[in-house]
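Summary of the model geometry
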Amino acid sequence: MFEALTGKVFATVVSLSMFLFSSYSGNDPAFRAFNSRVGGNYLQLRTSLVGAFDNDFPDVFKSGTVIPVDFLLVIKKGNQVLTKSKFQNKVRFDPAKGVYEIYTAGMNRSITTESYAQMLAEISGFECSIPYNPQWGVVSVHLEATLPTVRFAQLKKPIDLMVLWKYHKPRINNNLDLRKTS
Amino acid sequence: MNFTKPGIRTWLLAVYLVFSIGGLMVMNRVFQANQQQLKEAMEHLELSEELRQIKLDSSADSLKAVQIMEDFNAAKGVVQVSLSESRFYAALTLLIIIVVSSTVFFVVLTKLSKPLRELQSATEQIRHGNFNVHLPETGIHEMKMLKNSFNVMSRELEAVQKRLLVAEKEMIWKDLSRILAHEIKNPLTPIQLAVQRLEERIATDPERVSMILNESLEIIKQEIENLRLLAQDFSSFAKISKAMRENFNPETSIREICRSYAADYNLELDLQPDLAVLFDKTHFYQVITNILQNAMDASQPGQAIKITLGRDKNYVIISIKDKGSGIESDDLSRVFEPYFSRKTKGTGLGLALVKKLCEANSAIVRVKSKTGEGSEFTLIIEGNKA
């Protein structure tokens, strides 16, 4: 709760300072609604980020440095954490070939594309399949995305990519009744 | 809505806002403009595409071109992210600087103005006569000095006030003693003379004592009565009872009072009937009697004394006008002071008593006079329709 409150205060301060003193727009990432499905003993979850990479990112993606996007998935029943998983999508631009090499962790898939739009769709997407127990009943699913600190070869100091999201972590919470889903 | 003139704090605040925040915002605008120029310049750099269009002859050239493209793209990405980072932190830092500096400014301003408010409040108390007010000598050096000076001043004022009170009490006692001695001495002399005459007659011609006995006893009785009246005057002035205001018809009361004097004095009455005043009835008798007595003392035998009773809006106006010697203009402002009198007889308490009784009944007494033409006393009393 304290963390959420601090986050809101910080977000307000950031918004106010940007509004008053800067033309910097940055990005305002958010998740689309969860799409959940059950297959066998696995729960499939799918969503994607929107508004996360619209500004400033094209040059960052083209820098040739590996740009990761981290996802943290937590499934809780009340206050009890049932499962907690981390996923990392990655993208790297190959200037020689002019292609993006993408790895999506949720489905353990690697693809290569020349299309910037496709790259964005892949890197923004989150899809995973996790084992579940139907006895869990009603659970709450929390998903949070962050950008890590990246070290560019051309720059001595590391740069926290969260600055491009104005330190706002997109989050989504959803309640799922696994008895009905199964 | 009341608007007060802006004080020093408001001016300081305005100056701070204009120079500090305004200056920071101008600086920020300049930096933002520079950053924007850099960003726009970067957007025109598309080296990788241009290099890819060139047909390179050898593999070494190709590798070199690839390396150049990689370096260029990496540098561009780094510049872009650094630029975003600097724009973000510049705005955030500016807001934090403004918030923190404003807070510090307000705290300092409050700390500076608090002692001034204390000083203002203490001065206000001094103005209301409370000299026993001392300020804690805290704060910055100049404030300590100022508070110290104020405390010294208030202590001195307190001491002066105490000395003045003692002196005033002494003066009152001296005045009172002088008046009492004088007033008591006046009746004592005729008593002493009467007793002496009786003693002489008894010693020289005891058989004819009865011839002066009655006259001497009359004198003694009269002077004893004068002493009793004197005591009564002092007593009534010292003990004015709390006013028990009631509604009554002033015309009836004035006629009752005048009846006692009608045989000896020329009283002209012009009294409007059906009026009512809100006044303590006993006090009313004392007030009218005293003013009337004053007018009779100032008038020659047979001279008219006019008493009028009328109404003006919600007030009843009673006027007692004589055609006597009048009051000197220099004395006019002092006639209601205790012990002030230009008459050969009297304590000087009559009109002072009138004023006190009027004040106790929320009434006003005024006097107009012209030497040689007479005086007019006017009473303005809260009234009701009878």
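What counts as what
Residues numbered from 1 in each chain as written. Chains lettered and ligands numbered in written order. Predicted model: local features only at pLDDT ≥ 70, side-chain atom pairs only at ≥ 80, totals over all residues. Helix = DSSP H or I, 4+ residues; strand = E, 2+ residues; numbered from the N terminus. Buried ≥ 20, exposed ≤ 12 C-beta atoms within 10 Å, placed from the backbone. Contact = placed C-beta atoms within 7 Å. Pairing = 2+ DSSP bridges. Axes fitted to C-alpha atoms, helices over the stretch in contact; angles between N-to-C directions. Core = buried A, V, L, I, M, F, W, Y, C linked by C-beta atoms within 7 Å. Parallel < 35°, antiparallel > 145°, perpendicular 65-115°, else oblique. Left-handed = near helix turned anticlockwise from the far one by under 90°. Nonpolar A, V, L, I, M, F, W, Y, C, P; charged D, E, K, R; others polar. Expected span 1.5 Å × (residues − 1). Bend = angle between axes of the 7 residues up to and from the residue. pLDDT = per-residue confidence, 0-100.

Moving on to the overall build of chain B. When its secondary structure is counted, chain B shows nine helices and seven strands. Relative to its full complement of 386 residues, chain B shows a buried share of 18%. In chain B, of all internal contacts separated by at least 6 residues, the share reaching a separation of at least 24 is 70%.

This part takes up the overall build of chain A. Broken down by element type, chain A carries four helices and 12 strands. Each of the 182 residues in chain A was classed as buried or not, and the buried ones make up 30%. Expressed as a percentage of contacts within chain A between residues at least 6 apart in sequence, the contacts between residues at least 24 apart total 59%.

This part is about the interface of chain A and chain B. At the interface, 30 residues of chain A touch 25 residues of chain B. Of all the secondary-structure elements, those providing two or more residues to the side of chain A that touches chain B are α1 (2–21) and α2 (57–61) of chain A.

This part takes up the sheet that holds strand β12 (residues 171–177) of chain A. Residue and element names in this part refer to chain A. The strand order β7-β6-β5-β4-β9-β12 describes an open sheet built from six strands, whose pairing is antiparallel. Strands with a single pairing partner mark the edges of an open sheet, and in this sheet they are β7 (109–113) and β12. Taken pair by pair, the neighbouring strands of this sheet meet at an average axis angle of 15 degrees, ignoring direction. As paired strands, strand β9 (residues 138–146) and β12 are joined by seven bridges and run antiparallel to one another. By the bridge assignment, S140 is partnered in β12 with N175.

Glancing now at the nonpolar core. In this structure, F61, V91, M119, I123, V141 and L164 of chain A together with A91 of chain B are the most contacted members of the largest nonpolar core, which totals 43 residues. Ranked by residues supplied to this core, first place goes to helix α3 (residues 59–127) of chain B with eight residues. Beyond its immediate sequence surroundings of up to four residues, A91 of chain B is in contact with S17, M18, F21, S22 and Y24 of chain A.

This paragraph deals with unusual backbone geometry. Backbone geometry follows two general trends: most residues other than glycine have a negative phi, and most peptide bonds adopt the trans configuration. All names here are of chain A. The backbone of D56 shows a phi angle near 70 degrees, a positive value even though the residue is not glycine. Tracing the backbone through its elements, the reader meets D56 in the loop between β3 (42–50) and α2. Residue classification places D56 among the buried positions, given that 22 C-beta atoms sit within 10 Å.

We now examine the packing of helix α6 (residues 250–261) of chain B against helix α7 (residues 281–298) of chain B. All names here are of chain B. α7 packs onto α6 with a crossing angle of 40 degrees between their chain directions and a minimal axis gap of 10 Å. The orientation of α6 relative to α7 falls into the category oblique. Where α6 crosses over α7, the handedness of that crossing is right-handed. On the side of α6, the interface is formed by S253, I254, I257 and Y261, while α7 contributes F284, Y285, I288, T289, L292 and M296. Of the residues assigned to the contact of α6 with α7, the class counts are eight nonpolar, two polar and no charged.

Note on helix geometry: an α-helix contains 3.6 residues per turn, so any two residues three or four positions apart are oriented the same way. The end-to-end C-alpha distance of α7 of chain B, which contains 18 residues, comes to 26 Å, matching closely the 26 Å that a straight helix rising 1.5 Å per residue would cover. Along α7 of chain B, the positions that sit buried rather than exposed are H283, F284, V287, I288, N290, I291, L292, N294, A295 and A298 of chain B.

The axes of two packed helices give the description: the angle between them and the distance between them. All names here are of chain B. The geometry of α7 relative to helix α9 (residues 350–360) is characterised by a closest axis approach of 9 Å and an angle of 150 degrees between their N-to-C directions. Considering only the axes of α7 and α9, their crossing is left-handed. For the pair α7 and α9, contact is made by H283, Q286, V287, N290, I291, Q293 and N294 and by G350, L351, L353, V354, L357, C358 and A360, respectively. A class-by-class count of the residues in the contact of α7 with α9 yields eight nonpolar, six polar and no charged.

Here we take up α3 of chain B. Residue and element names in this part refer to chain B. Over its 69 residues, α3 runs 100 Å from end to end, which matches the ideal 102 Å to within 8%, given 1.5 Å per residue. Of all bends in α3, the biggest is about 25 degrees, found at S113, and the proline P115 comes one to four residues later. Two residues or fewer after α3 comes G129, characterised by a positive phi angle close to 95 degrees.

Put simply, chain B has an average pLDDT of 82, and 89% of its residues get 70 or more. For chain B, per-element mean pLDDT is lowest for helix α2 (residues 47–53) of chain B, which scores 63, and highest for strand β5 (residues 315–322) of chain B, which scores 94.

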